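Observations on chain architecture
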Amino acid sequence: MDKITSLAKRRGFVFQSSEIYGGQNGAWDYGPLGVELKNRIAAAWWKEMTQLNDDIAGLDAAILMHPRTWEASGHVENFTDPLVDCKKCKSRFRADQIPQENIKEKKCPECSGELTDTRKFNLMFKTNIGPAEDSASIIYLRPETAQGIYVNYKNIIQSNRMKIPFGIAQIGKAFRNEIVTKNFIFRTCEFEQMEMQFFVKPGTDEQWFDEWRRRRWAYYEKMGVKTDNLRWHRHGPDELAHYAKDAYDIEYLFPMGWRELEGVHNRSDYDLGRHAQYSGKDMQYIDQDNNNDRYTPFIIETSAGLTRTLLMILCDAYDEETVASGANSGSSSETQSEAGELRTVLRFHPRLAPITVAVLPLMKKDGLAEMAQDIRRELKEDFAVDFDQAGAIGRRYRRQDEAGTPFCVTIDYQSKEDKTVTLRFRDSMEQERVPIAKLATKLQQEIKAYRRKL
Ligand code: ATP
């Protein structure tokens, strides 16, 4: 994880929040490459959910919701973690994340000092809205995006003429006052979620639950994630949330071990039932195709962290390898002198890579830079393009490898003669000469056909 954290900082993926003041725990800033990567992960998920599914509509609900929402959802009562403090070293732990002997013996796992009793700690950030700071003005920062979907479910049925089964997808910020925020951006107090709630007829919920589990696994395969690093974890009876009838996590093998990446939950009719009870509004669905049958839909939820997915994608893409000798020859190839060097490479899927193509003139002189600028201008309309003319070509390739750029285009003296360029592939480091006129089409084809091999 240290290597990934330092690469992320060095190359501008992720910075510590408010670093000049010593940093803010639980919060991170996404730099130029990080914000592009995050946007692309979000766009890929959004496309998968809304564009490729006719029966899923999008939503962007407010972060601030009526406080009754959180009473209805059960968060005020149940959204707690068990907390213990060490009286000696002042460390704070989640009681369920340290060895249970330490809890029994009240012994700090770090300094052996005395631990406090376990107490419940609500993870919601509480603040006040309006000028008066009294109990009537209390408002919460949402701890999940899901509730914004439930309270809008009738609006969406009416405005979009949705019929069950259908889904609502949303991407947005969520906030949790996490007790322990280690492992870089894995668990933070401010983060983003990508959630989809699928409304189904009771009795069909188990079948839809299985279907969404299948689809979510297939999605990660499609994104080129190494499936050896993915597994299912089914929640046991003691792990199930208060709303869940059944729940599976997709876990990823992060550097610190297997951890939850996404949850697929059968939430039963708990949520809509509770909102009906707390709001006094009818949340039942009227099935006009079936004698106006009325029922409270069951909900199948797929809930993934966007920022946690970004960490997963960084870990999964990260690779180090020794450059083979003489893999290529020619003016723009990795030269013999670099053979044996270690290269760090991020093997992002080209659809996720922050930079899709880097344009590199071999020399600044003799009109090569101008020619490269023309190509850059041309490609910019359709691709995220970087331009780099500084330093040895091998070193420029290394910089692009570290940024995860799947394609480099090199303009050399031959380009001036025959209007071709070298297209260099990040993963294999192989090169191919391509006519400039066909470059954009070639890149489109390569992106579409991309399959991760390494
Ligand atoms: P955990 O048990 O790890 O606290 P959870 O089971 O409470 O997580 P959910 O409420 O199911 O998590 O949230 C859905 C997804 O949101 C998680 O799978 C994760 O990807 C993401 N997520 C949850 N909490 C955080 C956090 N503090 N920081 C970053 N991502 C988070």
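Here's a quick rundown of the structure. As the structure is a prediction and not an experimental result, all values here were calculated from the model.

Rules and cut-offs
Throughout, residues of each chain are indexed from 1 in the direction in which the sequence is written. In keeping with the predicted nature of the model, local features appear solely for residues at pLDDT of at least 70, side-chain atom pairs appear and are counted solely at 80 or more, and the whole-chain, interface and lining totals rest on all residues. Computation of side-chain values: all heavy atoms of the structure, hydrogens and water removed. By this definition, two strands are paired if DSSP reports at least two bridges between them. Per the convention used, a helix needs a DSSP run of H or I reaching at least four residues, while a strand needs a run of E reaching at least two, with both numbered from the N terminus. For every element, the axis is a line fit to its C-alpha atoms; helices are fit only across the contacting stretch, and the angle between N-to-C directions ranges from 0 to 180 degrees. The contact definition used throughout considers only heavy atoms, calling two residues in contact when any of these lie within 4.5 Å. Take the residue count of a helix, subtract one, and multiply by 1.5 Å to get its expected span. The cut-offs for exposure are 20% and 50% of the maximum accessible area for each residue type, with area from a 1.4 Å probe on protein chains only; residues under the lower value are buried, those over the upper are exposed, and the others partly exposed. Any pair of nitrogen or oxygen atoms within 3.5 Å is treated as a polar contact; in protein, a donor-acceptor pairing is required on top of that, and neighbouring residues in sequence qualify only through side-chain atoms on both sides. For our purposes a nonpolar core is just a set of buried Ala, Val, Leu, Ile, Met, Phe, Trp, Tyr and Cys residues, chained together by side-chain atoms within 4.5 Å. Salt bridges are identified by distance alone: a Lys or Arg side-chain nitrogen within 4 Å of an Asp or Glu carboxyl oxygen.

1. Examining the sheet that holds strand β11 (residues 230–234)
Strands pair in a sheet through their backbones, by hydrogen bonds, and they do so in one of two ways: parallel or antiparallel. Here we have seven strands laid out as an open sheet, ordered β3-β9-β10-β16-β13-β12-β11, and mixed in their pairing. What marks the edges here is a single partner per strand, and that holds for β3 (56–59) and β11. Geometrically, the sheet is characterised by an average inter-axis angle of 25° between neighbouring strands, direction not taken into account. Pairing analysis gives five bridges linking strand β13 (residues 257–266) to strand β16 (residues 298–305), with the strands arranged antiparallel. Paired with N266 across the strands is I300, a residue of β16. Its contacts with the sheet put helix α2 (residues 32–51) on β3, β9 (166–175), β10 (190–200) and β16, and the angle it makes with β9 is roughly 160°. Contacting β9, β10, β12 (246–254), β13 and β16, helix α10 (residues 306–317) runs over the sheet at an angle of about 40° to β12.

2. What about helix α8 (residues 205–222)?
Compared with the 26 Å implied by 1.5 Å per residue over 18 residues, the 25 Å span of α8 between its first and last C-alpha is a close match. Of all the residues in α8, the buried ones are D205, W208, F209, W212, R213, R216, W217, Y219 and Y220. Just beyond α8, the residue with positive phi is G224, at close to 80°.

3. Details of the side chain of R426
Among the secondary structure elements, R426 is positioned in the loop between β22 (420–425) and β23 (431–435). In terms of polar contacts, R426 uses its side chain to reach the backbone carbonyl oxygen of G404, at 2.8 Å. A polar side-chain atom of R426 sits 2.7 Å from a polar atom in the side chain of D427. In this view, R426 contacts R343, V345, L346, R347, F348, D401, G404, T405, P406 and Y450; residues no more than four positions away in its chain are not counted.

4. Some words on the nonpolar core
Within the largest apolar cluster, 55 residues are counted, with the highest numbers of intra-cluster contacts made by F13, L37, W212, Y220 and F348. The dominant element in this core, judged by the number of residues it contributes, is α10, at eight residues. If you look at the next biggest cluster of nonpolar residues, it comprises 26 residues, including V357, L379, I393 and F425.

5. Some points on the pattern of salt bridges
Any two side chains of opposite charge can pair, on the condition that their charged atoms come close. On inspection of all chains with the given rule, the structure shows 40 salt bridges. Across the salt bridge formed by R347 and D427, the nearest N and O atoms sit 3.4 Å from each other. Of this pair, R347 sits in the loop between β18 (342–346) and β19 (357–361) while D427 sits in the loop between β22 and β23, and the two are 80 residues apart along the sequence. Here R347 and D427 have matching classes, each one buried. A salt bridge links D412 to R433; the shortest N-O distance between them is 3.0 Å. Of this pair, D412 sits in the loop between β21 (407–411) and α13 (413–418) while R433 sits in strand β23, placing them 21 residues apart in sequence. Taking relative accessible area as the criterion, R433 reaches 30% and is therefore assigned partly exposed. Several salt bridges share partner residues, and in doing so they unite D319, E321, R343, R347, R398, D401, R424, R426 and D427 into one network.

By themselves, these figures tell us nothing about what the structure is for.
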